[in-house]
Amino acid sequence: MEKTILVTGGAGYIGSHTCVELLESGYQVVVIDNLSNSSAEALERVFTISGKKPIFIEGDVRNRALLDKIFVDFPIDAVIHFAGLKAVGESCQMPLAYYDNNINSTLTLCQAMEQAGVKNLVFSSSATVYGDPETLPLTEDMPLSATNPYGRSKLIIEEMLRDLPEADAITQSATPWAVILLRYFNPVGAHKTGLIGEDPKDIPNNLMPFIAQVAVKRREYLSIYGDDYDTIDGTGVRDYIHVVDLAKGHVCAVENLLGSSPITGVDAINLGSGDGVSVLQMVSTFAEINQIPVPYQIAPRRSGDIAACYANACKAKKLLNWQTQLSVTDMVKDTWHWQSKNPMGYTV
Ligand code: NAD
Ligand code: WQD
């Protein structure tokens, strides 16, 4: 029988790509999203791509009554929890909003899941939980820390979720929690159709959407934050992952949870490529592959940035049989396809 997945934040950047992959893999999808950082148009386009419609409930994950109704109305088998606020700089200015949205939404969701007896969860964590790492590549057992309220909210949620199977053991629960914490590295790119992609509401904080907006002439030039790091060319190095690979990682996680030998308790898994790419390498690849200039200036380092960060992605391969398939060339090509087709994002 068709399995049903509840996707919180499913209208967002990673959520919408994951909806496509879930629908194309034969799952029924129910989305809850308050559209605070997204557009319902993204879900229309998910339908155009996949030929299947996710069921959309507009609302807030902190609304317990609404969640309870969703679990009564739909035969949910597992939940993927994307909903949350994600801008690091903004989180420093309004920490309470971040703790409220990110932590309370997870708390409310888990309470509703427990009441409904649905205890399979995939949670959107982040490589930010490794803080400023001492050694690279990053394995899941390395020390965790937070350098800003956004990262701290992810860390607190990870710890909170780790208490749930402990309680199952004490109470000898017949339906124990199975939770996969997916720690994403740097998601970029867009669906190959150019129909869905990243659509920042304000000035982009992240590198790739900024490059794309410079290329489409919405912004004059890119500021490269620092060229004096101890890296290949002095600019920051990150592990970029194509959003479609990332979305497929979620399908693999759900398949693990609903399969014959699921993980037990809570397990953290890196989703990254394992390769480090510098800012200058990304800018020049974008310009060369797309044959479009990306003017830039070197600027001072951005406060809170680290020199380099990339994953050891072996655990994902071993437990989920997942690895990245798309290259940096695919990332820049698909980003430009989306941006040039939708210069103002979903706003037309
Ligand atoms: P996004 O902002 O595009 O998507 C989040 C979605 O959640 C949006 O559609 C928003 O409207 C919705 N939302 C927010 N708060 C809500 C609430 N209380 N109730 C209902 N809906 C709510 O962000 P994204 O890039 O798709 O990120 C998804 C998740 O992945 C987030 O949890 C984020 O922290 C995490 N993550 C993102 C990145 C990244 O670089 N994009 C990296 C690591 C982890
Ligand atoms: C990448 C590199 C910048 C913008 C952030 C969050 C992290 C995760 C992913 C959610 C760095 C440089 C950037 C620009 C630049 N999100 N840069 N000019 O900082 O690795 O990670 O997003 O979980 O938590 O911290 O990503 O894309 O902002 O930066 O030079 O205009 O590009 O200095 O070296 P980051 P990013």
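Reading guide: rules and limits
Residues numbered from 1 in each chain as written. Chains lettered and ligands numbered in written order. Predicted model: local features only at pLDDT ≥ 70, side-chain atom pairs only at ≥ 80, totals over all residues. Heavy atoms only, no water. Near = heavy atom within 4 Å. Polar contact = N/O pair within 3.5 Å; in protein donor to acceptor, adjacent residues only side chain to side chain. Areas by Shrake-Rupley, 256 points an atom, 1.4 Å probe, with all protein chains shown as cover. Helix = DSSP H or I, 4+ residues; strand = E, 2+ residues; numbered from the N terminus. Core = buried A, V, L, I, M, F, W, Y, C linked by side-chain atoms within 4.5 Å. Buried < 20%, exposed > 50% of the residue type's maximum accessible area, 1.4 Å probe, protein only. 1 Å grid on protein atoms, 1.4 Å probe; cavity = no way out; pocket = protein on both sides within 12 Å on 5 of 7 lines; lining within 4 Å. Points joined across faces, edges and corners; volume = space filled by probe spheres on them. Nonpolar A, V, L, I, M, F, W, Y, C, P; charged D, E, K, R; others polar. Expected span 1.5 Å × (residues − 1). Contact = heavy atoms within 4.5 Å.

J.: Help me out: how do you make sense of the site of ligand 2 in this one?
T.: Near ligand 2 lie 18 residues; those nearest to it are S126, Y150, S223, R238 and D305. Here an oxygen atom of ligand 2 sits 3.4 Å away from a polar atom, N or O, in the main chain of N205. For ligand 2, the accessible surface in isolation is 680 Å², of which the surrounding protein chains cover 88%. It is strand 8 (residues 222-225) that contributes the most residues to the shell around ligand 2, 4 residues altogether.

J.: Looking at this structure, how should I read the nonpolar core?
T.: When a protein is soluble and globular, its nonpolar side chains tend to lie buried together. Within the largest apolar cluster, 44 residues are counted, with the highest numbers of intra-cluster contacts made by I5, V7, L22, I180, L182, L271 and L320. Considering each element in turn, this core owes the most residues, 8 residues, to helix 8 (residues 243-258). Judged by nonpolar contacts, the second largest core, of 28 residues, contains F71, I76, A83 and A112.

J.: It is not clear to me how the side chain of R45 should be interpreted in this structure. Could you clarify?
T.: You can see R45 is positioned in helix 2 (residues 41-50). Among the polar contacts listed, one links the side chain of R45 to the side chain of N342, at a separation of 2.9 Å.

J.: Can you walk me through empty space enclosed by the protein in this structure?
T.: The gaps of empty space that remain are located by a probe, the size of a water molecule, rolled over the atoms. Inspection of the entire model under this criterion finds 2 cavities of 30 Å³ or more. Of the volumes computed, that of the largest cavity is approximately 70 Å³. Residue lining of the largest cavity: Y13, G189, E198, M208, P209, A212, T335, W338 and Q339, and that is the complete set. Secondary-structure elements contributing two or more residues to the lining of the largest cavity are helix 7 (207-215) and helix 11 (328-341). The residue makeup of the lining of the largest cavity, split by class, is 5 nonpolar, 3 polar and 1 charged. Lining the second largest cavity, in full, are E198, D199, P200, Q213, R218, W338, Q339, N342 and G345. Across the lining of the second largest cavity, the residue classes tally to 2 nonpolar, 4 polar and 3 charged.

J.: I tried to follow helix 1 (residues 13-24) on my own but got confused; where do I start?
T.: Each turn of an α-helix holds 3.6 residues, which means side chains three or four residues apart point in the same direction. Taking 1.5 Å per residue as the helical rise, helix 1 with its 12 residues ought to reach 16 Å, and the 17 Å between its terminal C-alpha atoms agrees with that figure. Within helix 1, 11 of the 12 residues are buried, which leaves it mostly tucked inside the rest of the structure. For helix 1, the complete set of buried residues consists of Y13, I14, G15, S16, H17, T18, C19, V20, E21, L22 and L23. Backbone geometry just after helix 1 places G26 at a positive phi near 95°.

J.: Sorry if this is basic, but what is going on with the layout of surface pockets here?
T.: There is about 180 Å³ of room inside the second largest pocket. Contributing to the lining of the second largest pocket are 15 residues, with N120, T175, P176, W177 and A178 lying nearest its centre. Per-class residue counts for the lining of the second largest pocket are 9 nonpolar, 5 polar and 1 charged.

J.: In this structure, what is going on with unusual backbone geometry? I would like to understand it.
T.: Phi is mostly negative for residues that are not glycine, and the peptide bonds are mostly trans. With an omega dihedral of -5°, the bond running from L136 to P137 counts as a cis peptide bond. Structurally, P137 is set in the loop between strand 5 (120-126) and helix 6 (149-171). In this structure, L35 is a non-glycine residue whose phi angle is positive, near 60°. In this fold, L35 is placed in the loop between strand 2 (28-33) and helix 2. Positive phi, close to 70°, is recorded for K217, a residue that is not glycine. Looking at where K217 falls in the secondary structure, it is placed in the loop between helix 7 and strand 8.

J.: What am I meant to see in helix 7 here?
T.: Among the 9 residues in helix 7, 9 count as buried, and that is most of the element. Residues of helix 7 that are buried include every one of L207, M208, P209, F210, I211, A212, Q213, V214 and A215, and no others. Where helix 7 is buried, its residues meet strand 7 (186-188), strand 8, strand 10 (240-242), helix 9 (279-290) and helix 11. Just downstream of helix 7 lies K217, where phi reads positive at about 70°.

J.: What exactly am I supposed to notice about the site of ligand 1 here?
T.: The immediate surroundings of ligand 1 are formed by 27 residues, with D33, N37, S38, F82 and Y150 found nearest. A distance of 2.8 Å separates an oxygen atom of ligand 1 from a polar backbone atom of F82. Side-chain polar atom of Y150 to an oxygen atom of ligand 1: 2.7 Å apart, as the coordinates give it. Across the complex, the protein chains shield 96% of the 820 Å² of accessible surface that ligand 1 would expose by itself. Every element with two or more residues in the shell around ligand 1 is listed here: helix 1, strand 5 and helix 6. Split by residue class, the shell around ligand 1 holds 10 nonpolar, 12 polar and 5 charged.

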